[in-house]
Amino acid sequence: MAADLALLGIVVTLLSLPVVTLGAAFLVGAASIQNHIVYGRWLTFAESWALFRARFVRGLLAGPLLLAAVWLIAVDVAALSRGAVPGGRLMITVVLIIGVGLIGFAALVAGVGSLRLARATVVARPALLAPVGGIVVIVAVLGMLVHPVLVPVLVGFALFAVQSFLSTKSRATAANRGESTTL
């Protein structure tokens, strides 16, 4: 399974290099992992390609918007740390917490497969953003500590961690409602 996740991470990273394909690549990667968790099999190439084509147009803006958000957060933190903007360390902390929430929302969109469903999930359970964002932040810190060649491998493991967390939370919610929890 680790080799499958590593290969998936490499493929998702390569498909994400032209920034406009980032949304579709992550949606397909997350769907493939979800299919493996639920049905015990990976999506075939034909299924993945069909899903990628179907999600391409809807995910077109995801990459540029994500890069713009990361750039804005970096500029804000840099301005706050230089003292160009009042607020100091407290505002840096607030900006970083908001950034983790945005990252959590982006991971949630990839995990559940749609912006509308992610929005509904956040409205129903806003506390979900912190752990999902935390998973991505931990993987990003690990990405800074390992050799750059291994960073794409971490992408597959990050997708798996987010999907596993979301799958566990949905099973717990179903159990609380008295529904079946079998996958």
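Conventions used here
- Residues numbered from 1 in each chain as written.
- Predicted model: local features only at pLDDT ≥ 70, side-chain atom pairs only at ≥ 80, totals over all residues.
- Heavy atoms only, no water.
- Helix = DSSP H or I, 4+ residues; strand = E, 2+ residues; numbered from the N terminus.
- Expected span 1.5 Å × (residues − 1).
- Buried < 20%, exposed > 50% of the residue type's maximum accessible area, 1.4 Å probe, protein only.
- Contact = heavy atoms within 4.5 Å.
- Salt bridge = Lys/Arg side-chain N within 4 Å of Asp/Glu carboxyl O.
- Phe/Tyr/Trp six-rings, centres within 6.5 Å; stacked < 30°, edge-to-face > 60°.

**Q** Could you give an account of helix α4 (residues 62-82), with specific residues and numbers?
**A** Over its 21 residues, α4 extends 30 Å from the first C-alpha to the last, a length consistent with the 30 Å expected when each residue adds 1.5 Å. For α4, the set of buried residues is Gly 63, Ala 79 and Leu 80. Taken together, the buried residues of α4 touch α2 (22-39) and α5 (88-112). Following α4 by one or two positions, Gly 83 has its phi on the positive side, about 90°.

**Q** An account of the pattern of salt bridges is needed here, citing residue identities and associated values.
**A** Opposite charge on two side chains permits them to pair, given that their charged atoms come into close proximity. In this structure the tally under the stated criterion is one salt bridge. Ionic pairing is found between Glu 47 and Arg 41, a salt bridge with its closest N-O pair at 3.0 Å. When its relative accessible area of 31% is taken as the criterion, Glu 47 is described as partly exposed.

**Q** Summarise the environment of Gly 111; cite the residues concerned and give the values.
**A** Tracing the chain through its elements places Gly 111 in helix α5. Separated by 83 residues in the primary sequence, Gly 111 and Val 28 have C-alpha atoms spaced 9.6 Å apart. Not counting the four nearest positions on each side in its chain, Gly 111 is found in contact with Ala 30, Gln 163 and Leu 166.

**Q** For the packing of aromatic side chains, give the residues involved together with the corresponding values.
**A** Per the counting criterion, the structure on display carries two aromatic pairs. Ring geometry for Trp 49 versus Phe 52: centroids 5.7 Å apart, planes at 15°, classification stacked. Here Trp 49 pairs with Phe 52, and both are found in helix α3 (residues 45-56), just three residues apart, close to one helical turn. Ring pairs connect the aromatic residues Trp 49, Phe 52 and Phe 56, which therefore count as one cluster.

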